[in-house]
Amino acid sequence: MTKLVILEYPDPRLRTRAEPVTEVDAALRQLADDMIETMYAAKGIGLAATQVDVHKRLLVIDVSAAHDQPQLFINPHIIAREGQDCVQEGCLSLPGIYDKVPRSTKVRVRALGRDGKPFELDAEGLAAVCIQHEMDHLEGKVFVDYLSELKRLLIRRRLAKERRQRTNLREARAGVPAL
Ligand code: GNR
Ligand code: NI
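Analysis parameters
Residue positions within a chain follow its written sequence, with the count starting from 1. Each chain takes a letter, starting from A, and each ligand takes a number, starting from 1, following the order in which they are written. Per-residue local features of the predicted model are confined to residues with pLDDT of at least 70, and side-chain atom pairs are confined, for both listing and counting, to 80 or more; whole-chain, interface and lining totals are unaffected and use all residues. As a rule here, side-chain values come from all non-hydrogen atoms in the structure, and water together with hydrogens is ignored. The rule for donors is simple: an N, O or S atom within 2.8 Å of the metal counts, and for Na, K and Ca the reach is 3.2 Å. Water is not among the atoms, so a site may look short of donors. In this text, helices come from DSSP runs of H or I with a minimum length of four residues, and strands from runs of E with a minimum of two, each type numbered from the N-terminal end. Working definition: with a 1.4 Å probe on protein chains only, accessible area under 20% of the residue-type maximum means buried, over 50% means exposed, and in between means partly exposed. By definition, a salt bridge exists where a carboxyl oxygen of Asp or Glu is found within 4 Å of a side-chain nitrogen of Lys or Arg. Two strands pair if DSSP finds at least two bridges between them. For this purpose, a residue is taken to be near a molecule or strand whenever a single non-hydrogen atom of the residue falls within 4 Å of it. Pairs of N or O atoms within 3.5 Å make up the polar contacts considered here, provided that, within protein, one atom can donate a hydrogen while the other can accept it, and that residues adjacent in sequence are counted only when both atoms are side-chain atoms. Areas reported as accessible are Shrake-Rupley estimates using a 1.4 Å probe. Residue values count occlusion only from the protein chains shown. Residue polarity is assigned by list, with Asp, Glu, Lys and Arg as charged and Ala, Val, Leu, Ile, Met, Phe, Trp, Tyr, Cys and Pro as nonpolar; anything else, Gly included, falls into the polar class. Residue count minus one, scaled by 1.5 Å, sets the expected span of a helix.

Considering the coordination of the nickel ion (ligand 2)
Now for step 1: Summarising the metal site, the nickel ion (ligand 2) is bound by the protein donors Cys91 (SG), His133 (NE2) and His137 (NE2), whose distances to it range over 2.1 to 2.3 Å.
Now for step 2: Along the chain, the residues that donate to the nickel ion (ligand 2) are spaced as C-x41-H-x3-H. Of this pair, cysteine 91 sits in the loop between β4 (85-89) and β5 (99-103) while histidine 137 is found in helix α2 (residues 125-138), placing the two residues 46 residues apart along the sequence. Take cysteine 91 and histidine 137: they sit in the same class, and that class is buried.

Focus: the pattern of salt bridges
Now for step 1: Applying the stated rule across the entire model yields 17 salt bridges.
Now for step 2: Between arginine 13 and aspartate 11 there is a salt bridge; the shortest N-O distance is 2.7 Å.
Now for step 3: Exposure remark for aspartate 11: the relative accessible area of 16% places this residue in the buried category.

Considering the pairing of β5
Now for step 1: By the alternation rule, side chains of β5 split into Asp99, Val101 and Arg103, which are all buried, and Lys100 and Pro102, of which none is buried.
Now for step 2: One ladder, built from five bridges, connects β4 with β5; its direction is antiparallel. Bridge assignment links glutamine 88 to a residue of β5, and that residue is lysine 100.

Some details on the site of ligand 1
Now for step 1: Residues in contact with ligand 1 amount to 13 residues; listed here are only the nearest, Ile45, Gln51, Leu92, Glu134 and His137.
Now for step 2: Side-chain polar atom of glutamate 134 to an oxygen atom of ligand 1: 2.6 Å apart, as the coordinates give it.
Now for step 3: Contact with the protein chains removes 89% of the 380 Å² of surface that ligand 1 exposes when unbound.
Now for step 4: Contributing elements (two or more residues each) for the shell around ligand 1: β4 and α2.
Now for step 5: At four residues, the largest contribution of residues to the shell around ligand 1 is made by α2.
Now for step 6: By residue class, the composition of the shell around ligand 1 is four nonpolar, seven polar and two charged.

Examining α2
Now for step 1: Across its 14 residues, α2 extends 21 Å between first and last C-alpha, which sits within 8% of the 20 Å expected from 1.5 Å per residue.
Now for step 2: Judged by how many residues are buried, α2 sits mostly within the fold: 12 of 14 residues are covered.
Now for step 3: When α2 is considered as a whole, its buried residues turn out to be Ala127, Ala128, Val129, Cys130, Ile131, Gln132, His133, Glu134, Met135, Asp136, His137 and Leu138.
Now for step 4: Where α2 terminates, the next one or two residues include glycine 140, which has phi positive at roughly 80°.

In structure tokens form, the structure reads like this:
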């Protein structure tokens, strides 16, 4: 098992459109397991391959209370939607940023499972939101794309400042003198 590195906005690699998975083999299952481990380590409820710089169409989610029910979706498609609601979202690629995004309240998803076989699933609530959020990542889209240009500008500034502070702290601990 390997914990993978999560790309952070505005990394241009998050804009890559993922390619369909052509074979569900041992290597792909290993990637899925590494994504699940990475999602749990980061305390997320979902992760798209795009976020770990792998541009293939797979995503994992776990919206269970005990964090013991990971679900894998390979080549997911939304085949039906119902309802519309604005729900507060967060993203592991935008640490500390939360805002409301319009989403369908119910979705029916068709995807391939771990065994490479197709399945269909009805999702609602947080699972529905999370699946739509992860599928956006596979299209090179992040939730702040739904916000205004001004909000995005402020978010980019805030993230840059926080990254700068994290780097400074790390260097101070390592004994690197500030300029
Ligand atoms: O951990 C996550 N929480 C979350 C909360 C509300 C709506 C969507 C999400 S997904 C996010 C993990 C993530 O960034 N997945 O891409
Ligand atoms: Ni995300």
